[in-house]
Amino acid sequence: MSAASVLRVEGLASGYGPLQVLFGVSFDVRPGEIVALMGSNGAGKTTTLRTITGQLKVTSGSVFLDGDDITRTTPDQLVRRGVALVPEGRGMLRDMTVEQNLELGAYVVRDREKVREAFDRAYTTFPILAERRDQLAGRLSGGQQQMLALGRALMSNPRLLLVDEASLGLSPVMTETAFDLLLAANRTSGAAILLVEQNALALDLAHRAFVLEKGAIVDAAEGDVVRHMQQRLRKAYLGTAPDLDEAP
Amino acid sequence: MKPSQALALFAAGGVLAASFLVGDVKLSILVGVLAVAIAALGLDVLVARVGELSLAHAAFFGIGAFTTVNAGDRGLPWPLAILAGVVATVIAATIAGLPSLRIRGLQVAITTLAFQVFAESFLFTRTDVTAAGRELVRPPFLEGDVQLYCFALVCLALVLALRHRIAVTKASRSFFAVRDIETRAKCFGVEPGPTKLLAYALSGAIVGLAGAVFAMKAGSISAKEPFLLFESLQLVAIVVVGGRGSATGILTAAFLVKGLSQFVTTVPIVDLEPDRIFPISAALLLVIAVVAFPAGIGGVYRVIGRLVDEVFDPAGARPDPRPQPVDPAAAEHAAALRDVPRAVRLRVPTPALLVADAARVEYGGIVALDDLSLEVRRGEIVGLIGANGAGKSTFFNAVSGLGPTTGSITYRGEELVGLSPARRSALGIARTFQDMGLVRAETVRQNVLLAQTWLVPTPAAAGLFGLGQSVREEHDLRRRADLALELFGLGHLADVRLGDLPYGTTRIVEIAASIATGPELLLLDEPSAGLGPEESHALADSLLALRAELGMTLVVIEHHVPLIARVCDYAYCLESGSLIAEGRPDVVTQQPQVIASFLGRSDAATGGVSA
Amino acid sequence: MAARLITGLTSGAGYALVAIGVVLIFKGMRILSLAQGEIGAFGFLLALRWSARGVPGLGWHISPFVTMVVAVVVGALVGALVERLVVRPLATRPPLDALIATLGIALFLALLEKEMFGTAAHFAPSPVGDWKIELFGATLTAPRVIAIVALAIVAFALWLFFTRTRFGLGVLATSGDPVVARILGIPVTRVYRFVWIAAGALAGLAAALLGSAFGGIAPFDMTRFGLSALAGAVIGGLDSIWGAIIGCLAVGAIEGVVGGTFETSGTAELAVLVLVVGTLLVRPRGLLGSEAAA
C-alpha cells in the first residue's frame, strides 16, 4: 500500500522554534483520491502542510513522494515534482492579471507547448477566467478568485494538489462552490487532493479522512465510515458532546 | 522590587559614582557624550514609540545648539537661552513632522533626510544661523567640568522622567496605536494627526535640550560637523545598537560610540587609532545589530535581568494563558462600567436603538452597501449573516465611522453620519474587528486602556505633566480596565503582552476592551472565527451574559450558523450590500434566497438550527 | 538657462541609473535601500586607485574604460554580498529595519572608503572618451552623453525583461507576495540576489559616469548623488521604473537650473525638498507608483 501512495507522511514532528506543534503525524494519499485532513483550530493542520511543503523545518519523521524521501526539499523543487499548493486565503497576486497569475502557475514548466495546453485547459474549465484574462486578480469576485487559485494550481499539471482551508472565511454557499471545483478538478485531471479542513463539509467529497488533534492523528476513516465521521464532527462543532460509541 | 531592578539600580549608582573619578578632562568628554545620548533618547521616542525614523535629528540638535548660543549672545539669561533652544527645535521638528500627517514610514524617513540636507546646506551655511563668533555667557556656578557634568546629568534625569511620563500616560497609548493600528484607533478616540505632531514635538524638545547642553558645554560653536547627516546616521546607530525603547541600552551605546574612543589610546589587536576605528565599528555594529540583535544592548540587559530573577525565584510563576473562571461578584462590579457620562442631547429611549435608513457606501465604483435599511432594538442580539463581500463589515464601518457613508444611520435618534469615530464611541457604540483591532506588541492592560482613550478629555500633552483632571482620569481608566478584565476572567493576564497569548484569548481581550468603554451597543465582527467548538460554545454563553448582566444590545456578524441560532433574537441576511431576508434566525435560515446565497444546499449548516 | 537645464538633465540621467536600482530592490523586496550611492562609489574609487597605482600584485595601471567595468563588477559583487549577509535575513521583518540596515551599510562603506582612499577627491578621467558635443548652448562631455544613452538602453532592456521573460514575471510575482511566489515554484532567493546584483551594477555604472562628469569623486560624494537619486525615486513612485526616470530627470533639472541661477548656497536643496514633500503630500505613492508604494 505504501509504495502505491503519492504522498506518505511518517511520524512527522515539527513546530515553530521551541514550540512543538506536531507530535508524530502519519497518513498517506493514494493516486487519484481525495483525502481530508480534519481538525479544529490549533490542531496542527496548517503546520502539517507547511512542514510537508518545506516551509517549516522537520524535527523528526519523513515525507515521501512516490516513495522518494522529500523530507528536506524546497517548495520550488516540490512544484517541479508535480505537487501544487492552493494556499490559505487563495494567494492571489492581486496586482497582476488573470493571465499572468495563470502563467505563473506554470512557472516551472519549461515546454511552451505544454503551457499553451494548460492555458486551454484552464480556460475551458473556467470560461469566466478567459473572459477576464486581462483583469487584475484583485478585481475578481471571491468565487472567481477561488477559480483562479485552483486553475493556477492546476497549470503545472500536478499529480498532487494540497489545499489549505479552502473554506476559511467563506460563506457556506461559497464553500460548496469551492469544493465542487475541487471535485471537478479531481475528476478531470486525475490529480490526488489533500484537503486540509476545519469544515465538516469537506467529508462530503473525501474518499478517506484523518482527524488531527493536538498535533497527532486521532481518527481515520474510509468509504462510508467517512459520513459517520461527519456526524461526529458536526456534533462536536455544535457543542454537544460527541457520542463516540455511536455505531458506524 | 524585583532582584533584577535592585541590581540595575545598584549598577547605575556605581557607574554614576565612578564617572566622577575619571578626571576633569574626561568629564568634559562625558558631557559631550551625554548631550549626544540625550539627542538619541529623543530620536528613540519617534523610532520606538511611533515607529517613524527621522534622519534629521543632527539638524535638530544643531538648531537647538545654535539657537541657545544666539539667544545667550543677545543677552538672554541662560535658562531663557536654553528655553529658546528647546522651543526653536520643537518648532523645527514639528514642521519636519508635518509630512507624516499624510505619508508613512519609508517616505517620512526620506522627507526627513531631505530636511537634513536642506538644513545643512541652507541653514548651517549662514552666519546669522550658525552663531559663528558669538558666545554664551555661562553662569558662574556652571564654570568647571564637574559643574557642567552635573548640569548634564540633571538634564538627562529630566529627559528620563519625561520618557517615563510618556510611557505611563495617554501619550504612550496614542503613540503605539498610530504606530500599529492607525485607522482603527480612531474608534478609540486617538487622533493620528495631533498624536504624530506631539511625538515630533516631544522628540524635538528632548533633542533641543541636548543641543542646549552641547551649547552650554562649548560656550561658542565653531564647527558644524556635529550637526551633519553623518551624525544623524550615528544617532540612528546609537538608538538601534542600544536597543529601541531601552534608555539604559541607548546610554551605553552612546558611550561606546562617542565616548570610548576618547578613553583608550590604542585599540588592541588591530593597533589602530581609536578615532578612526570607532566610527566604522559603530556602522558595522549597526548593521549587525539590526540583522542579528534587533533588541540591542537593552535586550542583553533584559536577558540578564530575567536570569537574575530566575536565580532568586526559580519557580517563575507563569500565568495560565486562558481566561479563568469568573467570580460572580465581578459581574456585579462590572455594572459600574455603564457609568459613563453621555451627551445630554440623546433623546428619550425608543424601542429602536440603531436605525439605518438607506445607508449607502461606495468606493472605487463599487457599491459595498446599497441603500441598506434595518433596525436594532434595545436589548436585542441581532445576527448579521451573508456571503463574503455581502457588506456586513462595511455596515459596521459605516456605523463606527470608518468610511464615507451617505444616507442615514441614527443611534437613539442621533444622526451618526458625519460624526467622528470617537464621537460615535462616546455615544455608546463599541466594536471589534474581524482580524484584531488591538496592538499585539503591548500588554493586555495597555490595550484595554487604549480602547478607553475617548473617555479622557484631557489632551495627551497635558496628561504628560499631570495637568488638569488627568491624574484622576487615568486612575479611573485603570479601575475600569481592571473591572472589564475581571469580568472575562483575564485579570491574571493584565501584564502579559497581547501577542504572547493564544488566538482565542486575544479575541476575548478585544471584547473585554470594548466592554471597558461601557457601551450600550456592541458590534462584534465574527467573534467565533478561529475558535474551536468548546470555545465557540463558551462565547455564546458570554454574549448572552453580556445582555443579561450589563443590559447590552449586540449586533453579531457570524458565519457559524449554530451560534447565530443559539443567541440571536433576530437576523438580517445581506447579499451584495442589500438586505435579502430578515426575521427570527430559524425562519431566515429556511428562506430559499438565503439558502441559495449563503447556506447552500447541504444540511450541514442548517442542521444546527433544526436540531 | 537652457544650457543649465540640459546639463542638469544629464546629471539626472546619472541619478536615474542609481534610482532604477533602488526601484528594482523595492519591487523585489519592498525594501528601500539607502546604500546604493556608496555601493557604486566603492567600486569606482577602487578602480581609480588601481588606475593610479596599479592593480595590487600585478602592477597594471588599468585604463579609464576599465575603471568603469571594474566599478560595475565591484558594485554587483558588493550588492550580492549585502543581499546575502544583511538583507535576506531582514526580508520578513518590518521595512524600517531593512532601511536602517542599508543606512548602516552606507555609513560603513563611506567610512571604509575614507579609510582606504583618503578624504581628498580622486581625479576621474572619462571612461568613455574625451569628446564633447554642443546642444542648445550646453557643452556636454562624453560621460554626460553616455549617461543619457545608457539610461535609454537600461530602461528598454528592463521593459523587455518584465514584459517578455518568465524570470521578469517571477520578479513581479515576488514583489506582489513572496510567500505565494515561493509556493508557485519561483526561486525567490534568486530573485532577491538578482535585484541586488543588478542594482549594484547600475550604481557602479552611475558612479563612473557621474564621477567623471564632475571631474572627480571623493568619499561621501556619492552619498549626495545617492540622495538626489532617492529623491527622484520617491517623487516618481518607489515601484515604478518610469517614475524613477522622470523623477530623477526632474531633480537633475532643478539642481541644474536653481543651483546655477541663485548665488545663495542650499537653494537647490531647498527646491528639491519642496518638490519631494510637495509631491508626497499631493500624491503619497509618487507620480507613477502603485498603491503599494504609498
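Please read all numbers here as calculations on a predicted model, not as lab measurements.

Asker: I'd like to hear about the interface of chain C and chain B, residue by residue, with values.
Answerer: Taken together, the contacts link 45 residues of chain C with 38 residues of chain B. Carbon and sulfur atoms supply 79% of the area that chain C and chain B bury against each other, a total of about 3700 Å² over both sides. Its salt-bridge partner being B:Glu120, residue C:Arg224 comes within 3.0 Å of it at the nearest N-O pair. Inspection of the region where chain C meets chain B yields 6 residue pairs in polar contact (both at pLDDT 80 or more). Where the side of chain C that touches chain B is concerned, the elements lending two or more residues are helix 3 (64-87), helix 4 (95-117), helix 9 (221-236) and helix 11 (267-282) of chain C.

Asker: I'd like a rundown of the packing of aromatic side chains, residues and numbers included.
Answerer: Overall, the coordinates contain 23 aromatic pairs over all chains when judged by the stated rule. Seen in terms of ring centroids, B:Phe60 and B:Phe115 are 5.6 Å apart; in terms of plane orientation they differ by 50°. Their pairing is tilted. Placement of B:Phe60 in helix 3 (residues 57-73) and of B:Phe115 in helix 5 (residues 105-123) is noted, with a sequence separation of 55 residues between them. Taken as a pair, B:Phe60 and B:Phe115 share a single burial class, namely buried. Every member of this aromatic cluster is reached through a ring pair, and the members are B:Phe61, B:Phe66, B:Phe124, B:Phe214 and B:Phe227. In this structure, C:Lys27 is placed above the aromatic ring of C:Phe162, and the distance from its NZ or CZ to the ring centre is 5.7 Å.

Asker: Please provide a residue-by-residue account of the pairing of strand 4 (residues 406-411) of chain B, values included.
Answerer: On a regular strand, each side chain points to the face opposite its neighbour's, so the side chains alternate between the two faces of the sheet. Residues and elements named next belong to chain B. As defined by bridge partners, strand 1 (residues 352-363) adjoins strand 4 across 5 bridges and the pair is classed as antiparallel. Within strand 4, the residue paired with Asp357 across the bridge is Ser408. Looking at chain direction, strand 4 and strand 5 (residues 414-415) are connected through 2 bridges and run antiparallel. For Thr410, the partnering residue across the bridge sits in strand 5 and is Glu415. Between the end of strand 4 and the start of strand 5, which pair antiparallel, lie 2 residues, with Arg412 showing a positive phi angle near 50°.

Asker: If you had to explain the side chain of B:Thr410 to someone new, which residues and values would you point to?
Answerer: All names here are of chain B. Checked against the element boundaries, Thr410 lands in strand 4. Its relative accessible area of 18% is what places Thr410 among the buried residues. Beyond its immediate chain neighbours, meaning those up to four positions away, Thr410 contacts Leu353, Leu354, Val355, Glu415 and Leu416.

Asker: I'd like to hear about the nonpolar core, residue by residue, with values.
Answerer: Ranked by internal contacts, the top residues of the largest apolar core, which has 277 residues, are B:Ile515 and B:Leu546. Examining the composition of this core, we find that 18 residues originate from one element, helix 2 (residues 24-50) of chain B, more than from any other. The contact partners of B:Ile515, leaving out residues within four places of it in the chain, are B:Leu337, B:Leu487, B:Phe488, B:Leu522, B:Leu546, B:Leu550 and B:Met552. Counting 47 residues, the second-largest nonpolar core is a separate cluster that includes A:Leu129, A:Leu148, A:Met155 and A:Ala185.

Asker: Just give me the short version of the pairing of strand 4 (residues 58-65) of chain A, but keep the residues and values in it.
Answerer: Residues and elements named next belong to chain A. Of the strand pairs in this sheet, strand 1 (residues 7-16) and strand 4 are connected by 6 bridges, and their pairing is antiparallel. Note on strand 4: the bridge partner recorded for Ser14 is Val58. Pairing between strand 4 and strand 5 (residues 68-69): 2 bridges, direction antiparallel. Pairing of Phe64 across the sheet is with Asp69, part of strand 5.

Asker: Any chance you could break down the sheet that holds strand 8 (residues 192-197) of chain A for me, citing the residues and the numbers?
Answerer: All names here are of chain A. Judged by pairing direction, the sheet is mixed, and its 6 strands sit side by side in the order 6-7-8-3-9-10 without closing on themselves. Sheet topology places strand 6 (83-86) and strand 10 (216-222) at the edges, where each strand pairs with a single neighbour. Pairwise comparison of adjacent strand axes, ignoring direction, gives a mean angle of 15° for this sheet. Pairing between strand 7 (residues 160-164) and strand 8: 5 bridges, direction parallel. Looking across to strand 8, one finds that Leu162 is bridged to Leu194. In this fold helix 6 (residues 142-154) packs onto strand 6 and strand 7, with an angle of close to 165° to the strand it touches most, strand 6.

Asker: Describe the packing of helix 1 (residues 2-29) of chain C against helix 8 (residues 188-213) of chain C, listing the residues and the values that go with them.
Answerer: Residues and elements named next belong to chain C. Helix 8 packs onto helix 1 with a crossing angle of 170° between their chain directions and a minimal axis gap of 9 Å. For the element pair helix 1 / helix 8, the angle class is roughly antiparallel. Here Ser11, Gly14, Tyr15, Leu17, Val18, Ile20, Gly21, Leu24, Ile25, Gly28 and Met29 of helix 1 lie close against helix 8, whose contacting residues are Tyr192, Val195, Trp196, Ala198, Ala199, Leu202, Leu205, Ala206, Leu209 and Leu210. By residue class, the composition of the contact of helix 1 with helix 8 is 17 nonpolar, 4 polar and no charged.

Asker: Mind laying out the state of the cysteines, listing which residues take part and the relevant values?
Answerer: Residues and elements named next belong to chain B. All told, the structure shown has 0 disulfides over all chains when counted by the stated rule. Here Cys150 is not disulfide-linked; the sulfur of Cys155 is the nearest cysteine sulfur, at 11 Å. We classify Cys150 as partly exposed; its relative accessible area is 32%.

Calculation notes
- Residues numbered from 1 in each chain as written.
- Chains lettered and ligands numbered in written order.
- Predicted model: local features only at pLDDT ≥ 70, side-chain atom pairs only at ≥ 80, totals over all residues.
- Heavy atoms only, no water.
- Contact = heavy atoms within 4.5 Å.
- Buried area = accessible area lost by both parts, 1.4 Å probe.
- Salt bridge = Lys/Arg side-chain N within 4 Å of Asp/Glu carboxyl O.
- Polar contact = N/O pair within 3.5 Å; in protein donor to acceptor, adjacent residues only side chain to side chain.
- Helix = DSSP H or I, 4+ residues; strand = E, 2+ residues; numbered from the N terminus.
- Phe/Tyr/Trp six-rings, centres within 6.5 Å; stacked < 30°, edge-to-face > 60°.
- Buried < 20%, exposed > 50% of the residue type's maximum accessible area, 1.4 Å probe, protein only.
- Lys NZ or Arg CZ within 6 Å of the ring centre and 35° of its normal.
- Pairing = 2+ DSSP bridges.
- Core = buried A, V, L, I, M, F, W, Y, C linked by side-chain atoms within 4.5 Å.
- Axes fitted to C-alpha atoms, helices over the stretch in contact; angles between N-to-C directions.
- Parallel < 35°, antiparallel > 145°, perpendicular 65-115°, else oblique.
- Nonpolar A, V, L, I, M, F, W, Y, C, P; charged D, E, K, R; others polar.
- Disulfide = S-S within 2.5 Å.

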